[in-house]
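One letter stands for each residue in the lines below.
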Amino acid sequence: MSAISTRIKELREEKGLSARQLAKLLNISGRAVHRWEKEERVPNADSIILLAKFFEVTAGYLLGLED
């Protein structure tokens, strides 16, 4: 699993959210979150920023560039 897909899933689960709930909170499609976590797609830059702000982590962390 890629770093970003693993980290999105871990962070989502730490908050006790389903993929659908996360999508609703971020105003994105549930299918997008599912595809990111299953490595079918990679979030674009805007989505990475949105995720980083929501989870209060850096974009570098999401991308696996930092721990």
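Quick caveat: nothing in here was measured; it's all calculated off a predicted structure. (Residues numbered from 1 in each chain as written. Predicted model: local features only at pLDDT ≥ 70, side-chain atom pairs only at ≥ 80, totals over all residues. Heavy atoms only, no water.)

**Things to note about the environment of S29**
Turning to its location among the elements, S29 is positioned in the loop between α2 (19–26) and α3 (30–37). Taking the C-alpha atoms as reference points, S29 and L62, 33 residues apart in sequence, are found 19 Å from one another. A polar contact of 3.0 Å, which involves the side chain of S29, links it to the backbone nitrogen of A32. (Helix = DSSP H or I, 4+ residues; strand = E, 2+ residues; numbered from the N terminus. Polar contact = N/O pair within 3.5 Å; in protein donor to acceptor, adjacent residues only side chain to side chain.)

**Brief notes about the packing of α2 against helix α4 (residues 45–55)**
Relative orientation of the contacting elements α2 and α4 amounts to 100°, with a least axis distance of 11 Å. Classed by the angle they form, the pair α2 and α4 counts as roughly perpendicular. In contact with L22, L25 and L26 of α2, α4 contributes L50, L51, F54 and F55. (Axes fitted to C-alpha atoms, helices over the stretch in contact; angles between N-to-C directions. Parallel < 35°, antiparallel > 145°, perpendicular 65-115°, else oblique. Contact = heavy atoms within 4.5 Å.)

**Describing α4**
All buried positions along α4 are accounted for by S47, I48, L51, A52 and F55. Each buried residue of α4 sits inside an arc of 135° when the element is viewed along its axis, so together they form one side. Facing away from the buried side of α4, by more than 90 degrees, are the exposed residues A45, D46 and K53. In this structure, the buried residues of α4 make contact with α1 (3–14), α2, α3 and α5 (59–63). A distance of 3.2 Å separates the backbone nitrogen of D46 from a side-chain oxygen at the start of α4, and that oxygen is part of N44. Phi for E56, located one or two positions after α4, is positive at around 55°. (Buried < 20%, exposed > 50% of the residue type's maximum accessible area, 1.4 Å probe, protein only. Arc of directions from axis to C-beta.)

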